[in-house]
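# Remarks on the overall topology
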Amino acid sequence: MKVLVLEDDVRLSAVILRGLRREGYAADHAATIEDGRWMATESTYDAMIFDVVLPDGDGYALCAELRAAGRWTPVLFLTARGAVEDRVRGLDVGGDDYLVKPFAFAELLARLRALARRGAVERPVRLNLGDLELDPVAHRAVAGDRALSLTAREFALLEFFMRQPDTVLSRSTILEQVWDWAFDGSPRIIDVYVRTLREQLGSGADRPRIETIRGAGYVLRPPSPIRAARSR
Amino acid sequence: MTIRTRLALAYAAAVAVTILVLGMIIWLQLGAVLRAELGRRVELRIAAVESALENEEQGGLQEGDRDAAGVWVILFAADGSRLEASSGAPALTAVPSTSGATTIAGRSVMVRIDHTATGMTVVAGADLGPVAAAQAALAELLGLAGLVAILVSGLGGWWLAGRALAPVATMTAEAAAISQADLERRLQEPRRLDELGLLARTVNRMLDRVSVNVGRQRAFLAAASHDLRTPLAALQAELELADDPRVSTEELRAALRDARGDAARLADLAADLLELVAAEATGRPLLRVPTIVSDLTESVVRRLQPLARAAEVAISADASDALVNLDRVRAEQAVGNLVANAITHAPRGSGVEILTRVATAEETPVLEVDVLDRGPGVRLEERELIFEPFQRGADARGSGAGLGLATARAAAEAHGGQIGVEDRPGGGARFWVRFPA
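Residues numbered from 1 in each chain as written. Chains lettered and ligands numbered in written order. Predicted model: local features only at pLDDT ≥ 70, side-chain atom pairs only at ≥ 80, totals over all residues. Heavy atoms only, no water.

Residues and elements named next belong to chain B. Locating Q391 in the fold gives a position in the loop between β10 (364-373) and α7 (404-414). When its relative accessible area of 33% is taken as the criterion, Q391 is described as partly exposed. On a C-alpha basis, the gap between Q391 and A406 in space is 8.7 Å, while along the polypeptide they are 15 residues apart. Residues contacting Q391, with those up to four places away along its chain left out, are L385, I386 and G402. (Helix = DSSP H or I, 4+ residues; strand = E, 2+ residues; numbered from the N terminus. Buried < 20%, exposed > 50% of the residue type's maximum accessible area, 1.4 Å probe, protein only. Contact = heavy atoms within 4.5 Å.)

What follows is the structure in structure tokens.
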């Protein structure tokens, strides 16, 4: 297992590296954002441990940068900044885990193992399809340059579609995943929501659209002619 | 008692007093005027009677003289016996001793006396009863009107005061709602810049200052807690790793050594922090003692000699036997921090100089200390920043947390002085600090 440790404190990074190597990890060290960026893009790691406050920048920004560049290596933030806002920020920027200093080494190791199990799966924070962009963190949906005005349920439905583009989803699947146990109404409600979504989405050359497949369900089609490829 | 009640009562009292005073004056004046009028009529009557007596040679009152105009007349002979009287005249048997207002047979009257050429005495008088009645009527009217006026003014004052003070009540409620957690709220400032507007504005300015202070404290606390956690994490991790059966004795030894180093680092940091907190707390007073400048500089040099030797830097200080009044401990610490900072940044083999001079500014002696080094200097844009706690410049060396310069500044400011840094001609930095003695 190969791990990158991005931490500027000399003593602490020495201890972490020693501990990781003792456990059999291959551990690399970077003390600045610049070095960290270079190493993260040059090598493939199974997990990366990022400090947040570094002399030449901030660990969150580096993580966001890597995600934007399509690097999905799991990132664990190891930092003294433990306030709720900081933790939320770390996770929302694309990080996978957050550990506050001072920490128990055993816990650091356990979390690294959990991250390695998850692997580098593409899991962007923001969803993009054609010129439609969905940001679950800010709860915003933008089609082209127009912001959509969606209720919470409409947003959840659109997100569900966008996570499985070009896949036919049956009414029952949609009902199961987007509505909860307590829902007792008719599946027809999905039709109502789909109609609203279609209105909101509008149309455009680069705009995905929701297609009805009779007898099977609905599907969110990426804009043609770029049907299978996704931009950004 | 509320201001409102006091104002209302004051209004009512003022009106009451005014009415009372005015009323009394009017009452007295009325009495005087009426009595004067009465006196004139009595005198006119006497004159009429006397002229009639002279002209008619009848020696007595005429028919027409009797009881004219409410004025009675009594004629007395030269021997003092009563001759004649008009109707309505009182049973007066002798000439009264004086003229003016007297009481005759239970009646209050205004009397005038005159002696004729023939030796007779004419006594005329009129009842003062009506005058008293008029005054009583006036008093009654004034009393009634006065009571009404007092009541109205009292209530009116109450209402007016309420209107004027309403903004105060609003402001009080608003201010009460501005809590520690919500320091961004401000009082609503009324458009008019009257007393209340000024009060609101002043309170808001005060809240601005408090907010800034709280912000600084929070930032300080955040920075301090952050800077403590990393060394703590290193120490904890070090010890945790050492507690492992796979570890050899040498590794254990090494781990303990490192842990000691971490603990020492933490202890230093904690001490610096506490020092800075104490220095910034405005409650801590200065303990000024007479200090010989060279004693101070020599003490600093002695203390930092080991650090200088390790860094292969030579420290030199000028000698000055000037005497100044300073908080010796804090001034020494401030200068010491500057010198330590200089030593850390000075290149090997170079020197750090301490220069002192005592100048006079507005009749107060001021000790100026310069610490010069040949290090990389401080960038222009950082010259303010580096004196903030936990701030280290981009070219900063050394493992400190960035508290030394902040502590030095706190000490300088406590003395009423200043601190700063400039470029040194020929390369390096010139840190200067001024202590008004």
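What follows picks up the thread again.
Take the pairing of strand β9 (residues 132-135) of chain A next. All names here are of chain A. Here strand β8 (residues 127-129) pairs with β9 via 3 bridges, running antiparallel. Its bridge partner being in β9, N128 is matched across the sheet by E133. Connecting the antiparallel pair β8 and β9 is a turn made up of 2 residues, with G130 showing a positive phi of about 60 degrees. Sheet topology note: the β9/strand β10 (residues 140-143) ladder contains 4 bridges and is antiparallel. (Pairing = 2+ DSSP bridges.)

A few words now on the side chain of D191 of chain A. All names here are of chain A. Relative to the helices and strands, D191 resides in helix α8 (residues 188-201). For D191, the side chain forms a polar contact with the side chain of Y218, separated by 2.6 Å. Setting aside anything within four residues of it in sequence, one finds D191 in contact with R171 and Y218. (Polar contact = N/O pair within 3.5 Å; in protein donor to acceptor, adjacent residues only side chain to side chain.)

Before going further, it helps to spend a moment on helix α7 (residues 171-178) of chain A. Residues and elements named next belong to chain A. Here α7 has its buried residues at I174, L175 and V178. Looking straight down α7, one finds that the buried residues subtend no more than 100 degrees of arc, so they occupy a single side. Those residues of α7 that are buried are in contact with α6 (152-163), α8 and β13 (217-221). (Arc of directions from axis to C-beta.)

Taken together, the contacts link 20 residues of chain A with 17 residues of chain B. For the pair chain A and chain B, the two sides together bury roughly 1,700 Å², of which 55% comes from carbon and sulfur. The largest contributions to the chain A side of the interface with chain B come from R11, R22 and P102 of chain A, which together make up 36% of the buried area. Measuring nitrogen to oxygen at the nearest pair gives 2.8 Å for the salt bridge that ties E238 of chain B to R18 of chain A. Elements with a minimum of two residues in the side of chain A that touches chain B: α1 (10-22) and α5 (105-118) of chain A. (Buried area = accessible area lost by both parts, 1.4 Å probe. Salt bridge = Lys/Arg side-chain N within 4 Å of Asp/Glu carboxyl O.)

A word on helix α3 (residues 59-68) of chain A. Residue and element names in this part refer to chain A. Among all positions in α3, only G59, Y60, L62, C63, L66 and R67 are buried. Across the axial projection of α3, the buried residues extend over an arc of 160 degrees, all falling on one side. N-cap assignment for α3: the residue whose side-chain oxygen lies 2.6 Å from the backbone N of Y60 is D58. Where α3 terminates, the next one or two residues include G70, which has phi positive at roughly 85 degrees.

Turning to the sheet that holds β10 of chain B, a few remarks are in order. Residues and elements named next belong to chain B. An order of β7-β9-β10-β12-β11 is seen for the 5 strands of this open sheet, with the pairing classed as mixed. Looking at which strands have only one partner, the edges of the open sheet turn out to be β7 (314-317) and β11 (418-423). If you compare each strand with its neighbour and ignore which way they point, the axes differ by 20 degrees on average. Taken together, the 4 bridges between β7 and strand β9 (residues 351-361) define a ladder with parallel strand orientation. Bridging from a neighbouring strand, I315 pairs with V352 of β9. Where helix α5 (residues 293-311) meets the sheet, it contacts β7, β9 and β10, and its direction lies at approximately 180 degrees from that of β7. (Axes fitted to C-alpha atoms, helices over the stretch in contact; angles between N-to-C directions.)

Moving on, we come to the packing of aromatic side chains. Inspection of the entire model under this criterion finds 6 aromatic pairs over all chains. Seen in terms of ring centroids, Y60 of chain A and F77 of chain A are 5.1 Å apart; in terms of plane orientation they differ by 70 degrees. Their pairing is edge-to-face. Highlighted residues: Y60 of chain A in helix α3 and F77 of chain A in strand β6 (residues 75-79), separated in sequence by 17 residues. The same class applies to Y60 of chain A and to F77 of chain A, which are both buried. Judged by centre distance (6.2 Å) and plane angle (70 degrees), the ring pair of F387 of chain B and F431 of chain B falls under edge-to-face. Placement of F387 of chain B in the loop between β10 and α7 and of F431 of chain B in strand β12 (residues 429-436) is noted, with a sequence separation of 44 residues between them. Clustering of aromatic rings is evident, with ring pairs tying together F50, Y60, F77 and Y98 of chain A. One Lys or Arg, R434 of chain B, reaches over the ring of W432 of chain B and ends 4.5 Å from the middle of that ring. (Phe/Tyr/Trp six-rings, centres within 6.5 Å; stacked < 30°, edge-to-face > 60°. Lys NZ or Arg CZ within 6 Å of the ring centre and 35° of its normal.)

All names here are of chain A. The interhelical angle for the contact between α6 and α7, taken along N-to-C directions, is 120 degrees, at an axis separation of 10 Å. When the axis of α6 is compared with that of α7, the two are oblique. Like other packed secondary-structure pairs, α6 and α7 cross with a definite hand, here right-handed. Contacts from R153, A156, L157, F160 and F161 of α6 reach α7 at T173, I174, Q177 and V178. (Parallel < 35°, antiparallel > 145°, perpendicular 65-115°, else oblique. Left-handed = near helix turned anticlockwise from the far one by under 90°.)

In the structure shown here, the tally under the stated rule is 41 salt bridges over all chains. Of the charged contacts in the structure, one is a salt bridge between E422 of chain B and R430 of chain B, with a shortest N-O distance of 2.8 Å. A relative accessible area of 34% places E422 of chain B in the partly exposed class. Overlapping salt bridges, with partners in common, bring together D9, R11 and R18 of chain A together with E238, D258, D262 and R265 of chain B in one network.

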